Structure formats: C-alpha cells, structure tokens
Amino acid sequence: MIVNNLAEEQKDRMTMTDPTFQRVNRESTATLITRQLREGIMNGHLPAGAQLSEASLAQEFGVSRGPLREATQRLVQEGLVRSELNRGLFVKELDEAEIRDLYVARTALETAAARIVARDGSATTLQRLRRVQEDMRTAAESGDLPKLSDADFAFHHLLVEASASPRLRRMHETLMVETRMCLTALEETYFDPEEQVDEHHRITEAIAAGDEAAVVAEIEEHMQEALDRLIRG
C-alpha cells in the first residue's frame, strides 16, 4: 500500500511539472489584430492588391509595430497577404487558377454537405435556408448588391453548418475568407440578380424534396455559373 501511494504521488508530481504543458493565456494583441485584418480582407474593406502600411496600421490600432508585424506574418502564412521584397505587404489577389481551384474545393465540400442536409436535415434547417433565400430576393428586388452578397454568403455558410459534420465545417472555415473575397467581386457581375436568387431557390427546393442527385446537380451548376462570371469579370 505504501509503495502504491508513493507511486501515485510521484505520478502526480510528474504531471504537475510536465514541461510540455504551459499556462493558457488570454488572446494576444497580435491575435486580435489578425482577426480584424482578416475580417477586413474578407469584407472587402482591405481590397485585393491593397498595400498594408505597418506605420499607418500601427497608428490606427494604437499598438507598436511588434504585434502588428506578428499579425501580418500570420496572414502571410494563411495565404491572404503576400510579402514583396523591398516593396512591402499586399492583400493577395486571386488569379484564375486559384479561383478555379477554390471553386473545385467548394463544389466538392458543399455538395457533400447538401447531400447530408437533404437526407437528414430538419424542418428548422429548411426554414432557415428559405429565410436566407428570401433575404436574397428582397436585396435583389431593391437592387442592394452588397446585401445580396451578404445573404449569398450566409446561405452557403448555413448549408455547411447544417450538415453537422465537424470536419466539413472545419474545412469550409478555411475557405471562408477567400470565398467572401470572391463573393464581394461577384457583386459587380450580378447582371441578373434575380437569377442568383433563383439558383439558390432551386438548391433549397431540391433539399426539401430530399433529392440528393438534384441537389448535387443544382450546386454544381450554381458553382460553375459563379466561376464563369468571376473569370469573365
């Protein structure tokens, strides 16, 4: 019994002093700046190609250049900002190959999510999709293209969230910023906003019917139409 107690005490001491574990701190200043810059890129406040001035941003955030530099380097690692020698930092511009690749990934991911929703989705999920679709229609009828873009983004985000697949949701999250950048660009290509609404309506109704084949076909067509408009633009 004494031997067992000593073994347990030694085990407890090893656990408490294990150097592989460190105290968890609150979010750092760099993390908070990274999030705001990422959102700025996603929402188009920092447009593709824009140069990021460390001096101006540090003054705007009210911080030293240290945490700001750390934040921008994180965005470089995420592929949202590019660093050019002797020139500085710029918001990344997606070229045609990258846009095509993004839409290949989105199509695969969202058709997988939509098939789950069509097969297992609840009436509440369907109601939420229809509500977002109506938001799109209202924005289209009023000619409010930014709101149409917001609702478009919300529809696809909700579709993947409703799949209840942690892995699909996690993978989709990595595409969200680039997706939003594309949707912001798509605002200028909405030659017929009502058609964009109708595309989402057809996806929603295919999900309501539980027709997985139709869901896949509608999403593939929708993604191809969006890709064609982006490439033309």
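A. Summary view of helix α5 (residues 96-120). Helix length check: α5, at 25 residues, gives a terminal C-alpha distance of 36 Å against a target of 36 Å (1.5 Å per residue), a fit within 8%. Within the sequence span of α5, burial applies to Ile99, Leu102, Tyr103, Arg106, Thr107, Leu109, Glu110, Thr111, Ala113, Ala114, Val117 and Ala118. At the N-terminal end of α5, a side-chain oxygen is found 3.2 Å from the backbone nitrogen of Ala97, two or three residues along, and the residue is Asp95.

B. Region of interest: the packing of aromatic side chains. Here the structure, examined in full by the defined rule, presents zero aromatic pairs. A cation over an aromatic ring shows up here: Arg180 above the ring of Phe153, its NZ or CZ 5.2 Å from the ring centre.

C. A look at the packing of helix α6 (residues 123-142) against helix α9 (residues 193-208). Two elements in contact, α6 and α9, have axes whose closest approach is 9 Å; the angle formed by their N-to-C orientations is 170°. What the angle tells us is that α6 and α9 run roughly antiparallel. Between α6 and α9, the residues in contact are Leu126, Leu129, Arg130, Gln133, Met136, Arg137, Ala140 and Glu141 and Pro193, Glu194, Gln196, Val197, Asp198, His200, His201, Thr204, Glu205, Ile207 and Ala208, respectively.

D. The arrangement of the environment of His172 in detail. Mapped onto the secondary structure, His172 falls in helix α8 (residues 166-186). Looking at His172, the relative accessible area reads 3%, which means it is buried. For the pair His172 and His156, spaced 16 residues apart in sequence, the C-alpha to C-alpha distance is 9.7 Å. Among all residues touching His172, those that are not within four sequence positions of it are Leu109, Glu110, His156, His157 and Val160.

E. Main features of the nonpolar core. Formed by 34 residues in total, the largest nonpolar core has its most connected members in Ile99, Tyr103, Leu159, Cys182, Ile207, Val215 and Ile219. The set of elements that each furnish at least two residues to this core consists of α5, α6, α7 (145-161), α8, α9 and α10 (212-232). By residue number, the principal contributor to this core is α5, which donates eight residues. The residues touching Leu159, leaving out its near neighbours within four places in the chain, are Glu110, Ala113, Ala114, Val117, Leu129, Ile207 and Ile219. Within the second largest apolar cluster, 20 residues are counted, among which are Met42, Ala58, Met181 and Leu183.

F. Representation of the pattern of salt bridges in the model. All told, the structure shown has 20 salt bridges when counted by the stated rule. Glu70 serves as the salt-bridge partner of Arg74, at 2.7 Å between the closest nitrogen and oxygen. Remark: Glu70 and Arg74 occur in helix α4 (residues 65-78); sequence separation between them is four residues, near one turn of the helix. A salt bridge links Arg202 to Glu218, with the nearest nitrogen and oxygen atoms 3.3 Å apart. With Arg202 in helix α9 and Glu218 in helix α10, the pair connects residues that are 16 residues apart, well separated along the chain. Accessibility expressed as a relative area gives 29% for Arg202, which makes it partly exposed. In the salt-bridge network here, residues are joined through shared partners; they are Arg82, Glu84, Arg87 and Glu93.

What counts, and at which threshold
- Residues numbered from 1 in each chain as written.
- Predicted model: local features only at pLDDT ≥ 70, side-chain atom pairs only at ≥ 80, totals over all residues.
- Heavy atoms only, no water.
- Helix = DSSP H or I, 4+ residues; strand = E, 2+ residues; numbered from the N terminus.
- Expected span 1.5 Å × (residues − 1).
- Buried < 20%, exposed > 50% of the residue type's maximum accessible area, 1.4 Å probe, protein only.
- Polar contact = N/O pair within 3.5 Å; in protein donor to acceptor, adjacent residues only side chain to side chain.
- Phe/Tyr/Trp six-rings, centres within 6.5 Å; stacked < 30°, edge-to-face > 60°.
- Lys NZ or Arg CZ within 6 Å of the ring centre and 35° of its normal.
- Axes fitted to C-alpha atoms, helices over the stretch in contact; angles between N-to-C directions.
- Parallel < 35°, antiparallel > 145°, perpendicular 65-115°, else oblique.
- Contact = heavy atoms within 4.5 Å.
- Core = buried A, V, L, I, M, F, W, Y, C linked by side-chain atoms within 4.5 Å.
- Salt bridge = Lys/Arg side-chain N within 4 Å of Asp/Glu carboxyl O.

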